[in-house]
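Coordinate analysis (summary)
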Amino acid sequence: MSSRKQLDQHTAPPRLPKHAHKKEENPSKEDTEMAAILDAMDDLSLEEAEAGSLSWQLTDVVLQMEQFASTGARLKDLVRTVYEKSLADQNFARIGARLCGELATHEVDGVKLRSEVLTRLQQDFKKKESLHASDSAVYLGFVTLLCELFGVLHINGEPMKALVGPVYDTLMELLSTKSVSDDEVLCCTMQLERIGKTLEQNDPTHMAVLMGKVRDSALGKDTSPFARCLIMEVVERHANSWAPLPQDASDYYNTTLEKL
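The structure contained in this document is the topic of the report that follows. Please read all numbers here as calculations on a predicted model, not as lab measurements.

**Some thoughts on the pattern of salt bridges**
In total, this model carries 14 salt bridges according to the counting rule given. Residue Arg94 pairs with Glu50 through a salt bridge whose shortest N-O separation is 3.3 Å. Of this pair, Arg94 sits in helix α6 (residues 90–102) while Glu50 is found in helix α3 (residues 46–50), placing the two residues 44 residues apart along the sequence. On the accessibility criterion, Arg94 (3% relative accessible area) is buried. The class of Glu50 is partly exposed, set by a relative accessible area of 39%. Arg94 is paired through a salt bridge with Glu148; the nearest N and O atoms lie 3.5 Å apart. Taken as a pair, Arg94 in helix α6 and Glu148 in helix α9 (residues 136–152) lie far apart in primary sequence, 54 residues in all. Linked by salt bridges that have partners in common, Glu50, Arg94, Arg98, Glu148 and Arg194 make up one network.

**Re helix α13 (residues 225–239)**
Given a rise of 1.5 Å per residue, 15 residues ought to cover 21 Å, and the 21 Å separating the end C-alpha atoms of α13 matches this to within 8%. What α13 keeps buried is the set Phe226, Ala227, Cys229, Leu230, Ile231, Glu233, Val234, Arg237 and His238. Positive phi appears at Ser241, one or two residues downstream of α13, with a value of about 60 degrees.

**So, the packing of helix α11 (residues 182–202) against α13**
It is the contact of α11 with α13, at a shortest axis distance of 9 Å, that shows an interaxial angle of 5 degrees. Judged on the interaxial angle alone, α13 and α11 are roughly parallel. When α11 is examined against α13, the residues Asp182, Val185, Leu186, Thr189, Leu192, Glu193 and Glu200 are found in contact with a partner set consisting of Phe226, Ala227, Leu230, Ile231, Val234, Arg237 and His238. Partitioning the contact of α11 with α13 into residue classes produces eight nonpolar, two polar and four charged.

**Overview of the packing of aromatic side chains**
We describe a pair of aromatic rings using the distance from one ring centre to the other and the angle between the two ring planes. On inspection of all chains with the given rule, the structure shows two aromatic pairs. Geometrically, the ring pair formed by Tyr139 and Phe142 is tilted, given 6.0 Å between the ring centres and 40 degrees between the ring planes. A residue pair is termed a helical-turn pair when its members lie 3 or 4 positions apart in one helix, as Tyr139 and Phe142 do in helix α9 at three residues. When sorted by exposure, Tyr139 lands in the same class as Phe142, which is buried.

What counts, and where the lines are drawn
Residues numbered from 1 in each chain as written. Predicted model: local features only at pLDDT ≥ 70, side-chain atom pairs only at ≥ 80, totals over all residues. Heavy atoms only, no water. Salt bridge = Lys/Arg side-chain N within 4 Å of Asp/Glu carboxyl O. Helix = DSSP H or I, 4+ residues; strand = E, 2+ residues; numbered from the N terminus. Buried < 20%, exposed > 50% of the residue type's maximum accessible area, 1.4 Å probe, protein only. Expected span 1.5 Å × (residues − 1). Axes fitted to C-alpha atoms, helices over the stretch in contact; angles between N-to-C directions. Parallel < 35°, antiparallel > 145°, perpendicular 65-115°, else oblique. Contact = heavy atoms within 4.5 Å. Nonpolar A, V, L, I, M, F, W, Y, C, P; charged D, E, K, R; others polar. Phe/Tyr/Trp six-rings, centres within 6.5 Å; stacked < 30°, edge-to-face > 60°.

Here is the structure:
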């Protein structure tokens, strides 16, 4: 297990508590159905979501979502709910991306889920600097959702090239502050570990610029030893063409990160 996977399990932002969504005194049928979907999402673990069609838990949630989205208006409401929940909870964003991936081609009344999600991403991408400055936690959720969607949304078996530039730009923005936080470095390096190879295959020039920014972050006077260790590991992964590191190197980073 890589050190980043261990961090993913132990230091990821806490999930929102179950039943955290607003309760209506006299809920409509639609509200009741949406509340049931939210409960099912809360019960879905990342491991179950990543198992895809092999997970009956994921299949059950996707089925509930399909049944709910019986009209274009309902589909839009469903996308809004998953999107807002993902931005509010970075950890859920990874699950939300997989739910969107499973329903990417779902279309009702001329409304397609994938298009609705991409429209929302585009709207927030245009204001990424202000979003980052005003609420870094929400920005982490946005970056995570965008990167995870890049990893799961494909057209004819190929990643969506239209997302390559935005993914690079949001990761660059993540490292744009003078004092980069541990959470920002963790988010950036974790996503690079997951999608770095695909990103570089699609735009190697942009990857060279991003990795230069990553190295610069390690030199920041306020960058913590924890963040520097994460950066060292991802730089080594990049030099190794994103292949897993040898066991001794992986053990070194595991042990070091546990001590910091």
